[in-house]
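# Survey of secondary and tertiary structure
The chain contents come next:
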Amino acid sequence: LGRMRPVIVVHGGAGRIFKEREQGSRAGVVQAALRGYGILKRGGSALDAVEEAVRSMEDDPHFNAGCGSVLNEKGEVEMDAIIMDGKNLASGAVSAVKCIANPVKLARLVMEKTKHMLLTDHGAQLFAQAMGVPETPGEKLITERSRERWKKNLEPDSNPEEFQKDLGTVGAVAIDSEGNVACATSTGGLSNKLVGRVGDTACIGSGGYADNHSGATSTTGHGESIMKVVLARLILYHMEQGMSPEMAADTALEYMKTRVGGLGGIIVVSSSGEWAARFSTKQMSWAAVKDDELHYGIYAGERHTKAADEALTSGSERF
């Protein structure tokens, strides 16, 4: 049996990344990719790798997921997450969850411990309690920056839409040595959103999709636009028609832009181990590891490459 060479790709959200946060975003996606790749290198599953990579970014306040999530209109954090297994199309998701440090872990539990695919709000909270997931006080997830921004958006002459440009959804896709693919996506959603708003992230086929027959993808960007075109599944459809990951991603993003005026970003890995990270926004932080080589960037056309083991030892200030 020919063993696959594992690949992982992660994104830290498409949109506008403010100069003073660039360094942290870059270091954050690189760390997440290296952690996920470590699992794959030890023969671990794609599922474990994407969960670990996303968990790493949920714990990093630079990203709009887990700690650092943006606040809804009432000043609370409500998060969405999904995980999917390309082997049997099993998936688990949670939406509008509060007081959970790692929504992606809860999504994984929904997939493995229930017959359902999506639990929301209060029900997700009850399930978390039943599973012994510790509660994190809501304040613990709120950063000074999220609160500042929420306040700004409450001002009568503010335009929350302006702030939606830095959408920090996080995600990961991977293929392991067995040839199984998986995806995971997690987000705090849109700043000053209506209470109970759920975007694309928790929706299968929109926020992510994984199928061993074609590949895995995770999306980021304007959630409502992504949902209208079912972006994650659309990319895999194009790949099933014979397009390369890069071509499929660009075609799907272009369609979303022309059809509904939406911008976003995509990471994808094919069942043969090809990968791409593409976006129609100004920026998207991303990182990938394949054949022990780390690739990463934030701006269009930007791609740095270094040896993965060298990156592991060099510390985050080097990216």
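Here is what the cut-offs are and how they apply
Residues numbered from 1 in each chain as written. Predicted model: local features only at pLDDT ≥ 70, side-chain atom pairs only at ≥ 80, totals over all residues. Heavy atoms only, no water. Helix = DSSP H or I, 4+ residues; strand = E, 2+ residues; numbered from the N terminus. Rg over C-alpha atoms; globule rule 2.2 N^0.38 Å. Buried < 20%, exposed > 50% of the residue type's maximum accessible area, 1.4 Å probe, protein only. Contact = heavy atoms within 4.5 Å. Areas by Shrake-Rupley, 256 points an atom, 1.4 Å probe, with all protein chains shown as cover. Lys, Arg positive; Asp, Glu negative; His and termini not counted. Charge placed at Lys NZ, Arg CZ, Asp CG, Glu CD. Axes fitted to C-alpha atoms, helices over the stretch in contact; angles between N-to-C directions. Parallel < 35°, antiparallel > 145°, perpendicular 65-115°, else oblique. Left-handed = near helix turned anticlockwise from the far one by under 90°. Nonpolar A, V, L, I, M, F, W, Y, C, P; charged D, E, K, R; others polar. Pairing = 2+ DSSP bridges. UniProt positions renumbered as here; feature names shortened; annotations may be inferred.

## What to know about the overall build of the protein
- A count of helical and extended segments in the protein gives eleven helices and 13 strands.
- Its C-alpha atoms give the protein a radius of gyration of 18 Å, within 12% of the compact-globule value 20 Å for 319 residues.
- Dimensions of the protein along its principal axes, counting C-alpha atoms only, are 60 × 45 × 45 Å.
- The buried share of the protein, taken over its 319 residues, is 60%.
- Sequence-distant contacts, at least 24 apart, represent 65% of the contacts inside the protein between residues at least 6 apart.
- Accessible area for the protein stands at about 13,100 Å²; split by element, carbon and sulfur atoms hold 52% of it.
- Across the protein, the mean location of the 36 positive side-chain charges is 0 Å away from that of the 41 negative side-chain charges.

## Quick look at the packing of helix α1 (residues 19-41) against helix α2 (residues 46-58)
- Where α1 contacts α2, the axes come no closer than 8 Å and their chain directions differ by 155°. What the angle tells us is that α1 and α2 run roughly antiparallel. You can see that α1 and α2 cross each other, and the crossing is right-handed. Across the interface between the two elements, Gly28, Val29, Gln31, Ala32, Arg35, Gly36, Ile39 and Leu40 from α1 touch Ala46, Asp48, Ala49, Glu52, Ala53, Arg55, Ser56 and Met57 from α2.
- Within the contact of α1 with α2, the residues separate by chemical class into eight nonpolar, four polar and four charged.

## A look at unusual backbone geometry
- Although it is not a glycine, Leu89 sits at a positive phi angle of roughly 60°.
- With respect to the secondary-structure elements, Leu89 resides in the loop between β2 (79-85) and β3 (90-97).

## Details of the sheet that holds strand β7 (residues 208-211)
- The four strands lie next to each other as β7-β8-β9-β10, forming an open sheet whose pairing is antiparallel. Looking at the sheet topology across the chains shown, the edges are occupied by β7 and β10 (275-279). Shown here is a sheet whose adjacent strand axes are inclined to one another by a mean of 10°, direction ignored.
- Across five bridges, the pairing between strand β9 (residues 264-270) and β10 is antiparallel. Following the sheet pairing, Gly265 is matched in β10 by Phe279.
- The sheet contacts of helix α9 (residues 231-240) involve β7, β8 (215-221) and β9, and relative to β8 the element is tilted by about 140°.
- Along the sheet, helix α10 (residues 245-260) contacts β9 and β10; its crossing angle with β10, the most-contacted strand, is approximately 25°.

## What to know about the UniProt feature "active site" (unreviewed entry) in the protein
- UniProt feature "active site" (unreviewed entry): in the numbering of this structure it lies at Thr169.
- Considering the arrangement of structural elements, one finds Thr169 in the loop between α7 (160-163) and β5 (170-175).
- If we ignore the near neighbours within four places in the chain, the residues touching Thr169 are His11, Gly12, Gly13, Asn64, Thr185, Ser186, Thr187, Thr201, Thr219 and Thr220.

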